[in-house]
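Each chain is listed here by its residues.
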Amino acid sequence: MAYDVNRIRKEFPSLDSGIAFFDGPGGSQVPKSVGQAIAAAITQPTSNRNTVTLSEQNAEKCVQDYRAAVADLLNCDSKGVIYGRSWTQLTYDMSRNLAKSWGPGDEIIVTRLDHDSNIRPWVQAAEAKGATVKWAEFDKESAELPVESITNLLSNKTRFVAVTGAANTLGTRPDIAAMAKAVKSVGALFLVDAVHLTPHAVIDFKAIGADFLGFSSYKIFGPHCGSLVSHPELLEQIKNDKLAPSTTVVPERFEFGTLPYEIMAGVTASIDFVAGMDDQATGTRRERIIKSMNALEAYEHPLFEYMEKEISALPGVKTYGHAKLRTPTLYFTFEGKDSVEIFKHLAKLKVNAPAHNFYAYEASHRLGLGDKGAIRAGLAPYSTKEDVDRLVSGLKSF
Ligand SMILES: Cc1ncc(COP(=O)(O)O)c(C=O)c1O
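Residues numbered from 1 in each chain as written. Predicted model: local features only at pLDDT ≥ 70, side-chain atom pairs only at ≥ 80, totals over all residues. Heavy atoms only, no water.

Asker: Looking at this structure, I do not really get the site of the ligand. What am I missing?
Answerer: As a structural note, the neighbourhood of the ligand is formed by S86, W87, T88, H115, S117, N168, D193, V195, H196, S216, Y218 and K219. Within the contact set of the ligand, an oxygen atom lies 2.5 Å away from a side-chain nitrogen or oxygen of K219. Of all the cavities here, the one that holds the ligand is the largest pocket. Classifying every residue of the shell around the ligand gives three nonpolar, seven polar and two charged. (Near = heavy atom within 4 Å. Polar contact = N/O pair within 3.5 Å; in protein donor to acceptor, adjacent residues only side chain to side chain. 1 Å grid on protein atoms, 1.4 Å probe; cavity = no way out; pocket = protein on both sides within 12 Å on 5 of 7 lines; lining within 4 Å. Sits in = over half its atoms within 2 Å of the grid points. Nonpolar A, V, L, I, M, F, W, Y, C, P; charged D, E, K, R; others polar.)

Here it is in structure tokens:
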């Protein structure tokens with residue numbers, strides 16, 4: 001079988017807990033190969049990266065392997081892969097760099113569909129420089145973010161546009177390639193938050209046509225860190241603050257201090273794991289990633305349809321997010337019932353489906369869900385029909 005969920009589940013020690021994990025959009029479980037890679041990297045001879053001693057070479061290899069693996073995952077140039085502690089760290093850093101050239105009269109565009117880490121850093125950077133912020137709105141009923149929601153706001157004053165590749169509560173997958181084309185046509189920079197998209201779809205940075213795109217490894221089997229990818233020639237042009245003796249070379253210029261070699265080794269192992277999800281896939285790592293992610297999508301799609309059908313049939317339920325193209329993530333409330341109490345009830349049944357705004361803060365408020373948000377049940381590559389049945393029966397028993 002191309003996608004054998006039982007084979008995949010055996011690789012995750014945490015599944016022995018008996019927990020049904022629907023909190024994958026918050027962070028996935030981790031296969032043992034990733035833990036082993038981190039342990040091996042941190043206990044082997046290690047020094048600061050360089051090429052002379054074995055220990056320097058080991059550290060250097062961790063860095064180069066990490067960049068090559070991310071490049072395979074996203075189809076980008078390995079010299080454009082910037083490591084960061086988290087996606088939020090990376091957007092804050094890059095917002096300050098890009099805003100160095102923004103001023104009054106310049107415009108940036110953000111959306112109300114995004115996770116706040118792809119809104120606030122840009123908004124705050126623009127405000128600090130006197131630039132104007134324009135907001136793209138999603139449709140409240142469908143949760144679609146049409147291409148026109150961006151193109152209607154573009155002008156020759158637009159400098160920068162940030163859009164999510166997939167909304168982390170509503171699941172919407174906007175047409176980012178079409179948006180990228182429109183944004184580039186007015187000469188602005190386009191950035192995609194692919195944190196919630198990367199665990200569910202093949203990402204092709206070059207085909208999308210964006211200037212920046214990023215993901216967080218802990219959402220896709222890896223350790224807690226993020227990566228921001230771009231084009232090396234673009235990075236060369238971006239000014240950033242750095243220490244006097246530190247390198248001027250990209251992407252290193254954007255990575256502060258000594259890199260966490262063992263975490264990078266963990267990211268590489270997580271991407272190798274992705275490439276092996278379809279155990280019949282052959283070819284280069286990129287080719288195996290594409291086959292594996294396609295096999296995963298084919299597995300997740302009917303399972304999500306089943307979950308959505310079952311949950312939508314429950315009395316008093318309201319589901320949010322009905323975009324045509326979306327991730328297998330369901331966001332819902334029950335009339336007259338407290339979502340947090342439902343979450344706690346499910347937790348007692350060893351079913352993890354938390355309730356919150358999950359930092360999709362603007363979206364939560366636009367939907368009238370305030371700070372509290374709703375329950376989120378997201379499928380992960382180890383989710384099964386049995387997990388879904390446990391979730392549904394837990395919801396029924398509240
Ligand atoms: C879509 C999306 N963007 C950004 C983030 C933030 O990522 P990080 O924790 O790496 O800053 C999350 C985390 O939930 C997310 O789901």
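Asker: I'm lost on the environment of A166 in this one. Help?
Answerer: Counting through the fold element by element, A166 comes out in the loop between strand 5 (158-164) and helix 7 (176-185). Taking the C-alpha atoms as reference points, A166 and H196, separated by 30 residues in sequence, lie 5.5 Å from one another. (Helix = DSSP H or I, 4+ residues; strand = E, 2+ residues; numbered from the N terminus.)

Asker: Is there a simple way to think about the layout of surface pockets in this case?
Answerer: Over the atoms rolls a probe the size of a water molecule, and in doing so it shows where empty space is left. Computed from the structure, the largest pocket encloses a volume of approximately 480 Å³. As for the largest pocket, its lining consists of 30 residues, of which T88, H115, S117, Y218 and K219 are closest to the centre. At the level of elements, helix 4 (87-99) and helix 5 (120-129) are the ones that each hand at least two residues to the lining of the largest pocket. Residue contributions to the lining of the largest pocket peak at three residues, all from helix 4. Looking at side-chain class alone, the lining of the largest pocket contains twelve nonpolar, eleven polar and seven charged residues. Taken as a whole, the second largest pocket spans an internal volume of roughly 290 Å³. Forming the walls of the second largest pocket are 14 residues, and the residues nearest its centre are S246, T247, E252, E255 and G257. (Points joined across faces, edges and corners; volume = space filled by probe spheres on them.)

Asker: Hey, could you run me through the sheet that holds strand 13 (residues 374-378) in this one?
Answerer: Adjacent strands of a sheet form backbone hydrogen bonds with each other and so pair up, either parallel or antiparallel. Spatially, four strands are ordered 9-10-13-12 in an open sheet, and the strand pairing comes out antiparallel. Of all strands in the sheet, those with a lone pairing partner are strand 9 (317-320) and strand 12 (355-356), marking the two edges. (Pairing = 2+ DSSP bridges.)

Asker: Got a minute to help me understand the pattern of salt bridges in this structure?
Answerer: When charged atoms on two side chains of opposite charge get close, those side chains can pair. A complete count under the given rule lists 26 salt bridges for this structure. The closest approach of N and O atoms between E252 and R67, which form a salt bridge, is 3.3 Å. Separated by 185 residues along the polypeptide, E252 in the loop between helix 9 (232-237) and helix 10 (261-275) and R67 in helix 3 (residues 54-74) bring together distant segments of the chain. With a relative accessible area of 3%, R67 lands in the buried category. Ionic pairing is found between K184 and D211, a salt bridge with its closest N-O pair at 2.7 Å. Separated by 27 residues along the polypeptide, K184 in helix 7 and D211 in the loop between helix 8 (205-208) and strand 7 (212-216) bring together distant segments of the chain. (Salt bridge = Lys/Arg side-chain N within 4 Å of Asp/Glu carboxyl O. Buried < 20%, exposed > 50% of the residue type's maximum accessible area, 1.4 Å probe, protein only.)

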